[in-house]
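Each chain, written out:
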Amino acid sequence: MNAIVPSSAVRHEPPRQETAQYLTFALGDEIYAIGILSIKEIIEFGGITNVPMMPPAIRGVINLRGAVVPVMDLAQRFGRPSSPVTKKTCIVIVEQESEGEQHVIGVVVDSVHAVQDIPGADIEPAPSFGLRIAPDFVAGMGKVEGRFVIVLAMDAVLSVVDLSALGAGAEAATKQLPAS
């Protein structure tokens, strides 16, 4: 005997991907996006203490309410020269999990634009050529208001190896920072 399946139980459309929110920001003449779930806050640029022997992409550390937070220059991380600091330059504080541990790091951006809702269906795979940054750093290309933004794969941008080096350097710098 054949069972009759109600038409409401049959799916004729592919499952829809959820819409997620992303912080969009400029770095040079390109627009990037980071998922807001990994962003703790956005602060004014300043108060960075240089730490000797850090990689060139690390500007130094900041004292964020008593915690030492390493600050990465995204332009340098992407193999470009650092952007000049302007009134719009910000530090985006990102929290990233790696090997079961939470790591907090600041990333320097030229300017913050807005929080955008980007449906999963509007995020295309990254092209295999033509990007000005390492393909591993790109999660996809999001369509926002008729143009593409580069959605960053923050786990790759802030890779485990880099986070370990940052954490060790930041702990060494703890004694150098004045309390605020």
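Analysis parameters
- Residues numbered from 1 in each chain as written.
- Predicted model: local features only at pLDDT ≥ 70, side-chain atom pairs only at ≥ 80, totals over all residues.
- Heavy atoms only, no water.
- Helix = DSSP H or I, 4+ residues; strand = E, 2+ residues; numbered from the N terminus.
- Buried < 20%, exposed > 50% of the residue type's maximum accessible area, 1.4 Å probe, protein only.
- Contact = heavy atoms within 4.5 Å.
- Areas by Shrake-Rupley, 256 points an atom, 1.4 Å probe, with all protein chains shown as cover.
- Pairing = 2+ DSSP bridges.
- Axes fitted to C-alpha atoms, helices over the stretch in contact; angles between N-to-C directions.
- Core = buried A, V, L, I, M, F, W, Y, C linked by side-chain atoms within 4.5 Å.
- Lys, Arg positive; Asp, Glu negative; His and termini not counted.
- Salt bridge = Lys/Arg side-chain N within 4 Å of Asp/Glu carboxyl O.
- Polar contact = N/O pair within 3.5 Å; in protein donor to acceptor, adjacent residues only side chain to side chain.

Novice: What should I look at first to understand the overall build of the protein in this one?
Specialist: Helix and strand counts for the protein come out as three helices and eleven strands. Every one of the 180 residues in the protein was classed for burial, and the buried ones make up 41%. By sequence separation, contacts in the protein at least 24 residues apart represent 57% of the contacts at least 6 residues apart. When the accessible area of the protein is evaluated, it comes to approximately 10,800 Å², of which 54% is carbon and sulfur surface.

Novice: Explain the sheet that holds strand E8 (residues 111-119) to me, please; I cannot follow it from the model alone.
Specialist: Each strand in a sheet pairs with another by means of backbone hydrogen bonds, the pair being arranged parallel or else antiparallel. The six strands lie next to each other as E8-E1-E2-E11-E10-E9, forming an open sheet whose pairing is mixed. Strands at the two margins of the open sheet, each flanked by one partner only, are E8 and strand E9 (123-124). The pairing of E9 with strand E10 (residues 138-144) spans two bridges and is antiparallel. Residue pairing in the sheet places Glu 124 in a bridge with Met 141 of E10.

Novice: Is there a simple way to think about the environment of Ile 93 in this case?
Specialist: If you trace the backbone, Ile 93 turns up in strand E6 (residues 90-98). The sequence separation of Ile 93 and Ile 39 amounts to 54 residues, and the corresponding C-alpha distance is 5.9 Å. Beyond its immediate stretch of four places on either side in the chain, Ile 93 contacts Ser 38, Ile 39, Lys 40, Glu 41, Ile 43, Ile 62, Leu 64, Val 69, Val 104, Ile 105 and Gly 106.

Novice: Just to check I follow, could you spell out the sheet that holds strand E4 (residues 58-64) for this structure?
Specialist: If you walk across this open sheet you meet the five strands as E3-E6-E7-E5-E4, and the pairing is mixed. In this open sheet, the two edge strands, each paired with only one partner strand, are strand E3 (39-44) and E4. The sheet shows a mean angle of 30° between the axes of neighbouring strands, taken without regard to direction. Note: E4 against strand E5 (residues 67-73), six bridges, orientation antiparallel. Among the inter-strand pairings, Ile 58 is bridged to a residue of E5, identified as Met 72.

Novice: Got a minute to help me understand the nonpolar core in this structure?
Specialist: Nonpolar side chains tend toward joint burial in soluble globular proteins. Within the largest apolar cluster, 29 residues are counted, with the highest numbers of intra-cluster contacts made by Leu 74, Phe 78 and Leu 152. Excluding residues that lie within four positions of it along the chain, Leu 152 makes contacts with Phe 25, Tyr 32, Ala 33, Ile 34, Leu 74, Phe 78, Ile 133, Phe 137 and Ala 139.

Novice: How should the side chain of Asp 110 be read in this particular structure?
Specialist: By the element assignment, Asp 110 lies in the loop between strand E7 (101-109) and E8. Within the buried core, Asp 110 has no salt-bridge partner, and the shortest N-O distance to an opposite charge, that of Arg 59, equals 7.0 Å. Separated by 3.0 Å, the side chains of Asp 110 and Ser 83 make a polar contact. Not counting chain neighbours up to four residues away, the residues in contact with Asp 110 comprise Ala 26, Leu 27, Gly 28, Ser 83, Thr 86, Lys 88 and Thr 89.

Novice: Is there a simple way to explain the pairing of E5 in this structure?
Specialist: In the case of a regular strand, side chains alternate between the two sheet surfaces. Burial runs high along E5: five of the seven residues are buried. Inspection of the sheet shows E5 paired to E7 by three bridges, in the parallel sense. Looking across to E7, one finds that Asp 73 is bridged to Val 108.

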